[in-house]
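Listed below, chain by chain, are the residues.
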Amino acid sequence: MTTPEARDPREVQSRRSTGGSPSQQPHQSRRNPSSTIIIPDIGIPSDQHYSPSTLSSAQPIPLGPQSLRSRSKTYTSTYTHNMSDISGFISALEAAQSKSKFTPEVQSAAEGIDVAALKAAYEAALAMGETETVSDGAQKTALEQGFEFATKVVMMLQTAPGPFEKKDLYVNFKIAKGEVLEKPGMFDMVKKQLYNAWEQVKHYSPQKAQALYIKHVNEFIGKYGTRDE
């Protein structure tokens, strides 16, 4: 009586060379011997402004602790830089100050704002703690004036943001003005969402809220653009 292995010498040779039958071998793709992972191509919504060079269809990332710490610092630095970039808002402010754009009401709100002091105050407010305040008098004044201008220029957007987008804008406006929201009824779902959002950040200082309001307006300007008048 012959054994199963004796029936086909080619199968015997295959098993001997591989250490077993093909079905017994682990799938080679389950283990990657290299120390990298591959990030697949990720679909980005068209309204997000990413540089094409920031993503690739197959980008290797080293897995070592030192490399991950280095990348974390890079991402944090980039995020902080983007947070402090309000070039769209500043362009709108300067256009209003030169009276080359917007309505007389918006132009009036832009008068007398020290742009350099506003930029410094904005960056300081974003970097400080949630309950801290801007100590420099000139910067504090410029930030408040910039906030008031933001409440006017946001009305000049070419397209009005949706209700969900305006939630943070509304909440930061209330905090910047020192206004307290009353707790809504159980079945008023819209006001309940606004109240819950406000309650989470109600401890913010007015300067922190003013800077965040300006940040949101800057994002809306970049996304929707502004009307001339």
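It should be noted that the structure appears before, not after, this text.
### A closer look at the overall build of the protein chain
Per the secondary structure count, the protein chain includes ten helices and two strands. Moving toward the C terminus, one meets the helices and strands of the protein chain in the order α-α-β-β-α-α-α-α-α-α-α-α. Looking at the protein chain as a whole, 30% of its 229 residues are labelled buried. Sequence-distant contacts in the protein chain: of pairs separated by 6 or more residues, those separated by 24 or more amount to 68%. With an accessible surface of roughly 15,300 Å², the protein chain has 53% of that area assigned to carbon and sulfur atoms.

### What about the environment of L169?
Along the chain, the position of L169 falls in helix α8 (residues 166–176). Taking C-alpha positions, L169 is 9.8 Å from Q210, a pair spaced 41 residues apart along the chain. Setting aside chain neighbours within four positions, we find L169 in contact with V154, Y213, H216, V217 and F220.

### Description of the environment of S135
Tracing the sequence through the fold places S135 in the loop between α6 (115–127) and α7 (137–153). Relative accessible area serves as the criterion here: at 75%, S135 is assigned to the exposed category. For S135 and A121, which are 14 residues apart along the polypeptide, the C-alpha to C-alpha distance reads 9.4 Å.

### Considering the side chain of K174
Tracing the backbone shows K174 in helix α8. The exposure class of K174 is buried, given its relative accessible area of 16%. Those residues in contact with K174, other than ones at most four positions away along the chain, are E179, L181 and W198.

### Things to note about the nonpolar core
A general tendency of soluble globular proteins is for nonpolar side chains to be buried together. By size, the foremost hydrophobic cluster in this structure holds 48 residues, and its most contacted members are F89, L118, F149, V153 and V217. Looking at this core, the elements with two or more residues in it are α4 (87–97), α5 (104–110), α6, α7, α8, α9 (189–201) and α10 (206–224). Ranked by residue count, the leading element in this core is α10, at nine residues. Once residues lying within four places of it in the same chain are set aside, the contact partners of F89 are L118, G146, F149, A150, V153, I214, V217, N218 and I221.

### Thoughts on α9
For α9, spanning 13 residues, the distance from its first C-alpha to its last is 19 Å, which sits close to the expected 18 Å at 1.5 Å a residue. All of the buried residues along α9 are Y195, A197, W198 and V201. Viewed end-on, α9 has its buried residues packed into an arc of 165°, placing them on one side of the element. Exposed and facing more than 90 degrees away from the buried side of α9 are Q193 and Q200. Summarising the contacts, the buried residues of α9 are in contact with α8.

The rules we used
Residues numbered from 1 in each chain as written. Predicted model: local features only at pLDDT ≥ 70, side-chain atom pairs only at ≥ 80, totals over all residues. Heavy atoms only, no water. Helix = DSSP H or I, 4+ residues; strand = E, 2+ residues; numbered from the N terminus. Buried < 20%, exposed > 50% of the residue type's maximum accessible area, 1.4 Å probe, protein only. Contact = heavy atoms within 4.5 Å. Areas by Shrake-Rupley, 256 points an atom, 1.4 Å probe, with all protein chains shown as cover. Core = buried A, V, L, I, M, F, W, Y, C linked by side-chain atoms within 4.5 Å. Expected span 1.5 Å × (residues − 1). Arc of directions from axis to C-beta.

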